[in-house]
Amino acid sequence: MKSEPRTVEAGRPAAESLTDRLVAFVGLLRDHGINAGPSETIDAAEAMVALGIHDRDRLRSGMAACLLRRNGQRAVFDQLFDLYFLTAQQPQQVDQSTPESVEALRDRLVSALAQDDSDSVAELARQALTELGGYGGAGAGQPAPVTTASGAGWSSYLTMKALRPEELIDRIVAGMNGTSRLDTTVHTIEANRRLAAFRTAVQTEARLRSAQLRGTEYIARRGVETSTDRIDFLGAREQDLAEMRRLVHPLARKLATRLAVRRRKSVRGQIDLRRTLRRSMSTGGVPIDPVLRARKHGRPELVVLADISGSVTGFAEFTLQLIQALQDQFSKVRSFGFVDTCDEITHFFTPGEPPTPGTAARIIRSTKVARFGSSNYGEAFQGFLDNYADALGPRTSVLILGDGRTNRTDPNLAAVQTIIDRAKHAYWLNPEPSRSWTTGDSAAHVYAEQVTMHECRNVRQLTEVIARLLPA
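Residues numbered from 1 in each chain as written. Predicted model: local features only at pLDDT ≥ 70, side-chain atom pairs only at ≥ 80, totals over all residues. Heavy atoms only, no water.

**Q** How should unusual backbone geometry be read in this particular structure?
**A** Excluding glycine, a negative phi dihedral is what most residues carry, and trans is how most peptide bonds are arranged. Even without being glycine, Asp 116 reaches a positive phi, approximately 55°. In this fold, Asp 116 is placed in the loop between helix H5 (102-114) and helix H6 (118-132). Positive phi values are uncommon outside glycine, yet Arg 164 reaches one of about 45°. Structurally, the position occupied by Arg 164 is in the loop between helix H7 (156-163) and helix H8 (169-175). The exposure class of Arg 164 is partly exposed, given its relative accessible area of 30%. (Helix = DSSP H or I, 4+ residues; strand = E, 2+ residues; numbered from the N terminus. Buried < 20%, exposed > 50% of the residue type's maximum accessible area, 1.4 Å probe, protein only.)

Listed below in structure tokens is the structure:
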């Protein structure tokens, strides 16, 4: 493929070919957890030839279809694509004698979003960033320096903070000329979508200009958001958790298919030596066709014990929703929540219904999972044995979800050992990194001596662990 005439960013050689750029792009995708292999890279190259490079939106969609395999990766792909296949327009110098006020920019933004004028919105994103988003020598009405300058750059955060676009929703809706209550509701949803698109445009332009200052490689490694399936549960924002919830059912379908295949393969067990030798008589005593014993195959039971205290709420809620989405793979699923006492919460998670935010808060309000409000694993485990020991049996697998931070109370190892002894399998999923299991008030390292403990900091780790541990 031949090189395309373009504006060259700092740190990127002018003679770089599109092939080299594609290879570097795929390398950065891998660094961000998007595992595109050689065959996907070849497909993407063929897509570039077939689609051309002039319509960047079409090229982006075509390459995404070739390179992405998982849900939750598209946002990271789009950011990296923009860095490697778009170039920022140099900001125009602003006439300091007649600068446009923030209120004037806000008025123009309302008009452009109400009319869904994409060209005007894109131009406003660039102008707003130029006038409001420069720092450390960039902006201030002047074009950004082309050479690397530590401390200088462009900030979408400063731009959006000055514009306060979230305060403009009512004005945008009014400009869309709705007449009924239904129109207002629909227009409000659409106005929020258009405003989110404007925010993304500002972020993209800031990222491209920063790449001009510091180089594409630097920004690609440090200025691109982590994909949803790699965001730590304990550090996730509310919008991140909302995206994670949308991943539940696609993940559950994949896991259910994998478990069903594994179960079918495991129906036949060990070699039946007597019947194998008898059959080998027809081949001169050579056991060409082994006979396998048929195994009695039944679906296992699953018990989930989940810490739903504030520190691990997102992790426990998401995991419970994923487990409930897999309910068809088990003969029975029972879920129990705890903070400092334990109560059954199975009825809060209904298979087939979309997950809703705030489930953990509703559980705490309407059940007996909390008495004083601080985590007490020892009391919770004892409460489970006192009231729900009948949930355990020889076919039961137990999943314990929590960080193991006991607020320096008695961890009650005897109760944990009793749970392990009464169940067929027991596993512990911990959302903290393993290096933190011995710090502060964590008793995770003590529990890990009794029950197999797995680090599950994000969706990817959680999916891999559940796919590996759930019995077939």
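That shown, we press on.
**Q** Which parts of the structure should I look at to understand the sheet that holds strand S6 (residues 332-338)?
**A** Picture the strands of a sheet paired through backbone hydrogen bonds; they go either parallel or antiparallel. With mixed pairing, the 6 strands of this open sheet are ordered in space as S7-S6-S5-S8-S9-S10. The open sheet has two edge strands with one neighbour each: strand S7 (342-344) and strand S10 (452-455). Within the sheet, the average angular offset between the axes of one strand and its neighbour, ignoring direction, is 25°. On top of the sheet, helix H14 (residues 313-325) reaches strand S5 (301-307), S6, strand S8 (396-401) and strand S9 (425-430); it is set at about 165° to S5, its chief contact. (Pairing = 2+ DSSP bridges. Axes fitted to C-alpha atoms, helices over the stretch in contact; angles between N-to-C directions. Contact = heavy atoms within 4.5 Å.)

**Q** Is there a simple way to explain a nonpolar patch on the surface in this structure?
**A** On the surface, Tyr 135, Tyr 157 and Leu 158 cluster together into a nonpolar patch covering about 310 Å² of accessible area. Relative to the helices and strands, Tyr 135 is located in strand S1 (residues 134-135). (Patch = residues over 30% accessible without salt bridge, like charges linked within 9 Å, V, L, I, M, F, W, Y side chains within 5 Å. Areas by Shrake-Rupley, 256 points an atom, 1.4 Å probe, with all protein chains shown as cover. Salt bridge = Lys/Arg side-chain N within 4 Å of Asp/Glu carboxyl O.)

**Q** Help me out: how do you make sense of the environment of Gln 115 in this one?
**A** Relative to the assigned elements, Gln 115 resides in the loop between H5 and H6. Overall, Gln 115 belongs to the exposed group, its relative accessible area being 59%. The spatial distance from the C-alpha of Gln 115 to the C-alpha of Gly 175 is 7.7 Å, given a sequence separation of 60 residues.

**Q** I would appreciate a short explanation of the packing of helix H3 (residues 56-67) against helix H4 (residues 74-85) in the present structure.
**A** Two numbers describe a pair of packed helices, the interaxial angle and the distance between the axes. Close contact between H3 and H4 brings their axes to 11 Å; oriented N to C, the two are set at 130°. Taken together, the axes of H3 and H4 are oblique relative to one another. Judged by the sense of rotation from one axis to the other, the crossing of H3 with H4 is right-handed. Contacts between H3 and H4 involve Arg 56, Leu 59, Arg 60, Ser 61, Met 63, Ala 64 and Leu 67 from the former and Arg 74, Phe 77, Asp 78, Phe 81, Asp 82 and Phe 85 from the latter. (Parallel < 35°, antiparallel > 145°, perpendicular 65-115°, else oblique. Left-handed = near helix turned anticlockwise from the far one by under 90°.)

**Q** Looking at this structure, how should I read the pairing of S5?
**A** As a general feature of sheets, a regular strand has side chains that alternate between the two faces. Judged by how many residues are buried, S5 sits mostly within the fold: 6 of 7 residues are covered. Pairing geometry for S5 and S6, over 7 bridges, is parallel. Looking at the pairing, Glu 301 lines up with Lys 332 of S6. Two elements, S5 and S8, share 6 bridges in a ladder whose sense is parallel. Paired with Glu 301 across the two strands is Thr 396, which belongs to S8.

**Q** Is there a simple way to think about the side chain of Ser 280 in this case?
**A** Tracing the sequence through the fold places Ser 280 in helix H13 (residues 273-280). Filtering out sequence-adjacent residues up to four positions away, Ser 280 remains in contact with Gly 285, Val 286 and Pro 287.

**Q** It is not clear to me how the nonpolar core should be interpreted in this structure. Could you clarify?
**A** Side chains of a nonpolar character, in soluble globular proteins, are inclined to be buried together. Among the nonpolar cores identified, the biggest contains 40 residues, and Met 244, Phe 318, Leu 429, Leu 462 and Ile 466 are the most heavily contacted of them. Listing elements by their share of this core, those giving two or more residues are helix H11 (238-246), helix H12 (248-265), S5, H14, S8, S9 and helix H19 (459-469). Not counting residues up to four positions away in its chain, the partners in contact with Phe 318 are Phe 233, Met 244, Arg 245, Val 248, Leu 251, Val 459 and Leu 462. With 29 residues, the next largest nonpolar core counts Val 26, Met 63, Ala 64 and Tyr 84 among its residues. (Core = buried A, V, L, I, M, F, W, Y, C linked by side-chain atoms within 4.5 Å.)

**Q** Can you walk me through a positive patch on the surface in this structure?
**A** Together, Arg 70, Arg 253, Lys 254 and Arg 258 line one region of the surface with positive charge. Mapped onto the fold, Lys 254 is located in helix H12. Residue classification places Lys 254 among the partly exposed residues on the basis of a relative accessible area of 40%. (Lys, Arg positive; Asp, Glu negative; His and termini not counted. Charge placed at Lys NZ, Arg CZ, Asp CG, Glu CD.)

**Q** How should the environment of Gly 235 be read in this particular structure?
**A** Positionally, Gly 235 belongs in the loop between helix H10 (216-222) and H11. For Gly 235, a relative accessible area of 57% gives the class exposed.

**Q** Would you explain the pairing of S8 in this entry?
**A** The buried fraction of S8 amounts to 6 of the 6 residues, a majority that puts the element mostly inside the structure. Neither face of S8 is open: one carries Thr 396, Val 398 and Ile 400, the other Ser 397, Leu 399 and Leu 401, and all of them are buried. In this structure, S8 lies alongside S9, joined through 5 bridges in parallel fashion. Across the sheet, Leu 399 pairs through a bridge with Tyr 427, a residue of S9. The handedness of the S8 to S9 crossover, carried by helix H17 (residues 413-422), is right-handed. (Right-handed = clockwise from strand over helix to strand, strands pointing away.)

**Q** Whenever I open this one, the packing of aromatic side chains confuses me. Can you help?
**A** Each aromatic ring pair is characterised by the separation of its centres together with the angle its planes make. Considering all chains together, one arrives at 18 aromatic pairs under this definition. An angle of 70° between the planes, with centres 5.5 Å apart, marks the rings of Phe 25 and Phe 77 as edge-to-face. Within this pair, whereas Phe 25 is found in helix H1 (residues 18-31), its partner Phe 77 is found in helix H4, the two being separated by 52 residues in sequence. In this structure, Phe 25 and Phe 77 share a single accessibility class: buried. Taken together, the aromatic side chains of Phe 25, Phe 77, Phe 81, Tyr 84 and Phe 85 make up a single cluster linked through ring pairs. Stacked on the ring of Trp 154, the Lys or Arg Arg 209 has its end atom at 4.8 Å from the ring centre. (Phe/Tyr/Trp six-rings, centres within 6.5 Å; stacked < 30°, edge-to-face > 60°. Lys NZ or Arg CZ within 6 Å of the ring centre and 35° of its normal.)

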